[in-house]
Amino acid sequence: MVPATSPPAEPPAEPPAEPPAGPAAGPSARPAEDAAGLGRARAAAFVAPALVLVAVFLVFPALWTLYLGTTDYRLTGVQAEDPRFVGADNYLGALGDGEFHRSLWLTLQFVLGSAVLGQTVLGFALAWALRDRSGPVRRTVEALVLLAWILPGSVVAFLWLALLDRDAGTLNALLGTPGTAWLLDHPMACVIVFNVWRGTAFSMMLYGSALGNVPPSHLETARLAGASAWQTLRDVVFPRIRGHVLTSLLLVSLWTFNDFTPFLLTAGGPDHRSEIMSVYVYRTALGDGRLGFGAAVSLVMILINLVIALLYLRALRERRRTP
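Residues numbered from 1 in each chain as written. Predicted model: local features only at pLDDT ≥ 70, side-chain atom pairs only at ≥ 80, totals over all residues. Heavy atoms only, no water.

Engineer: Quick one: what's the story with the overall build of the protein chain, residue by residue and with numbers?
Structural biologist: Summing up its helical and strand segments, the protein chain has 14 helices and 0 strands in all. The N-to-C order of helical and strand elements in the protein chain reads α-α-α-α-α-α-α-α-α-α-α-α-α-α. Burial statistics for the protein chain: of 323 residues in total, 34% are counted as buried. As displayed, the protein chain has an accessible area near 20,100 Å², and 67% of this comes from carbon and sulfur atoms. (Helix = DSSP H or I, 4+ residues; strand = E, 2+ residues; numbered from the N terminus. Buried < 20%, exposed > 50% of the residue type's maximum accessible area, 1.4 Å probe, protein only. Areas by Shrake-Rupley, 256 points an atom, 1.4 Å probe, with all protein chains shown as cover.)

Given below as structure tokens:
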């Protein structure tokens, strides 16, 4: 006979799982609407002070400038008390003004010479030269470049006035050219060199960080393959730091386009030969008292800044799409 077998024993029943503790335990609890779990009301309360500051110091001045540009508002006189609406007259007058054209041309020279060719090239050259160095030489160079950047503009302008002085200037003493009036004979060149000297630190630090992301093995492979220094930069380094180059060009170009510090050096002279657009706006709005006209020129500057930013952003977007 086949022995009877008993059915297999059933596993013991597990106790029911306890509901998780906390605010999500209830059946009607909903997941938090943000990662921090603050909720919309409390999140809005946190960002409200920043939004108020942005509105007071950015949005309101922009709207007020837009309004002033459509009036004949002046610093003094009848138009100061009762300005008239003139529509687009200020903008048309600015676009047809020869002084505006001259200041725009000088500003383009200033941006090209100082930001694009000066700070960008010199900043990369310093970062490339210091990439493998350490010790006191690197620290000294970085300290000197950063010192020029963090010093107040008024202090830097005073130092350069002492350097370029016609009678007792340091540059004339070093070159043996007493009596040479650099600021009178070459005002734009002095302004460009002055701005390159004080603004190169940003590009140097940005490129120094970018070069740290280039694998040393790639550079060593290029060296063993017999590539020249230029070929290494063109085929190995620049393709990996193109995004940093475009970022540096965008920021430095915008800062330079709106820079007012050259006024401390030349005040736009002599004979308006170094009057870039920021100085031109200052002279027309406050010097001549034509606040409405100056506001219109300021809005034109904003539009030019927008065009520059869009061009750089488009180039950056195309670079990201390139495999």
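And the narrative resumes.
Engineer: Describe the pattern of salt bridges, listing the residues and the values that go with them.
Structural biologist: Summed over the entire model, instances satisfying the criterion amount to 9 salt bridges. Residue Arg 223 pairs with Glu 220 through a salt bridge whose shortest N-O separation is 2.3 Å. Of this pair, Arg 223 and Glu 220 are both found in helix H10 (residues 216-224), 3 residues apart, which corresponds to roughly one turn of the helix. Classification of Arg 223 as exposed rests on a relative accessible area of 53%. Glu 220 sits in the partly exposed class, given a relative accessible area of 35%. (Salt bridge = Lys/Arg side-chain N within 4 Å of Asp/Glu carboxyl O.)

Engineer: Quick one: what's the story with the packing of helix H6 (residues 153-164) against helix H9 (residues 187-211), residue by residue and with numbers?
Structural biologist: Any two packed helices are characterised by the angle at which their axes cross and by the distance between the axes. Relative orientation of the contacting elements H6 and H9 amounts to 130°, with a least axis distance of 11 Å. The orientation of H6 with respect to H9, classified from their angle, is oblique. In this structure, H6 meets H9 at a crossing whose hand is right-handed. Residues Gly 153, Val 156, Ala 157, Trp 160 and Leu 164 of H6 form the contact with H9, whose participating residues are Cys 190, Val 193, Phe 194, Trp 197 and Arg 198. Here the contact of H6 with H9 is built from residues that sort into 8 nonpolar, 1 polar and 1 charged. (Axes fitted to C-alpha atoms, helices over the stretch in contact; angles between N-to-C directions. Parallel < 35°, antiparallel > 145°, perpendicular 65-115°, else oblique. Left-handed = near helix turned anticlockwise from the far one by under 90°. Contact = heavy atoms within 4.5 Å. Nonpolar A, V, L, I, M, F, W, Y, C, P; charged D, E, K, R; others polar.)

Engineer: So, the packing of H10 against helix H11 (residues 229-257): which residues are in play, and what are the values?
Structural biologist: Where H10 contacts H11, the axes come no closer than 10 Å and their chain directions differ by 165°. Comparing their axes, H11 and H10 come out roughly antiparallel. As H10 runs across H11, the sense of the crossing is right-handed. Contact residues: H10 offers His 218, Leu 219 and Ala 222, while H11 offers Thr 232, Val 236, Val 237 and Arg 240. When grouped by side-chain class, the residues that make up the contact of H10 with H11 number 4 nonpolar, 2 polar and 1 charged.

Engineer: An account of unusual backbone geometry is requested, with residue identities and associated values reported.
Structural biologist: Omega for the peptide link from Gly 269 to Pro 270 comes to -5°, which places this bond in the cis form. With respect to the helices and strands, Pro 270 occurs in the loop between helix H12 (262-266) and helix H13 (277-287). The phi dihedral of Asp 271 is positive, around 55°, even though this residue is not glycine. Following the sequence through the fold, Asp 271 ends up in the loop between H12 and H13. For Asp 271, a relative accessible area of 64% translates into the label exposed.

Engineer: How would you sum up the nonpolar core? Please name residues and give values.
Structural biologist: Membership of the largest hydrophobic core comes to 26 residues, with the highest contact counts inside it found for Phe 100, Phe 257, Met 277, Val 297, Ile 304 and Tyr 312. For this core, the elements supplying multiple residues, two or more each, are helix H3 (89-95), helix H4 (98-130), H9, H11, H13 and helix H14 (291-321). Discounting chain neighbours no more than four positions away, the residues touching Phe 100 are Ala 94, Leu 95, Met 277, Tyr 280, Val 297 and Val 300. Core analysis: the second largest hydrophobic core is formed by 16 residues, Phe 110, Val 156, Leu 183 and Ile 276 among them. (Core = buried A, V, L, I, M, F, W, Y, C linked by side-chain atoms within 4.5 Å.)

Engineer: Please provide a residue-by-residue account of the packing of aromatic side chains, values included.
Structural biologist: According to the stated counting rule, one finds 14 aromatic pairs in the structure shown. A centroid spacing of 5.3 Å and a plane angle of 45° characterise the contact between Phe 124 and Phe 238, whose relative ring orientation is tilted. Pair noted here: Phe 124 is in helix H4 and Phe 238 is in helix H11, with a separation of 114 residues, a long-range link. Both rings, one in Trp 160 and one in Phe 194, keep their centres 5.9 Å apart while their planes meet at 80°; by these two values the pair is edge-to-face. In this pair, Trp 160 is assigned in helix H6 and Phe 194 in helix H9, connecting sequence segments 34 residues apart. Just as Trp 160 is buried, Phe 194 falls in that class too. The structure contains a cluster of three or more aromatic residues connected by ring pairs, namely Phe 124, Trp 128, Tyr 207, Trp 230 and Phe 238. In this structure, Arg 131 packs its charged tip against the face of Trp 128, placed 3.6 Å from the ring centre. Above the face of the Phe 293 ring, Arg 290 is positioned so that its terminal group lies 4.4 Å from the ring centre. (Phe/Tyr/Trp six-rings, centres within 6.5 Å; stacked < 30°, edge-to-face > 60°. Lys NZ or Arg CZ within 6 Å of the ring centre and 35° of its normal.)

Engineer: Describe the side chain of Thr 284, listing the residues and the values that go with them.
Structural biologist: Looking at the element boundaries, Thr 284 is found in helix H13. Judged by its relative accessible area of 0%, Thr 284 falls in the buried class. Once residues lying within four places of it in the same chain are set aside, the contact partners of Thr 284 are Gly 289, Arg 290, Phe 293 and Gly 294.

Engineer: Can you lay out the side chain of Ser 253 for me, pointing to particular residues and giving the numbers?
Structural biologist: Among the secondary structure elements, Ser 253 is positioned in helix H11. At 3.2 Å, the side chain of Ser 253 and the side chain of Tyr 312 are in polar contact. (Polar contact = N/O pair within 3.5 Å; in protein donor to acceptor, adjacent residues only side chain to side chain.)

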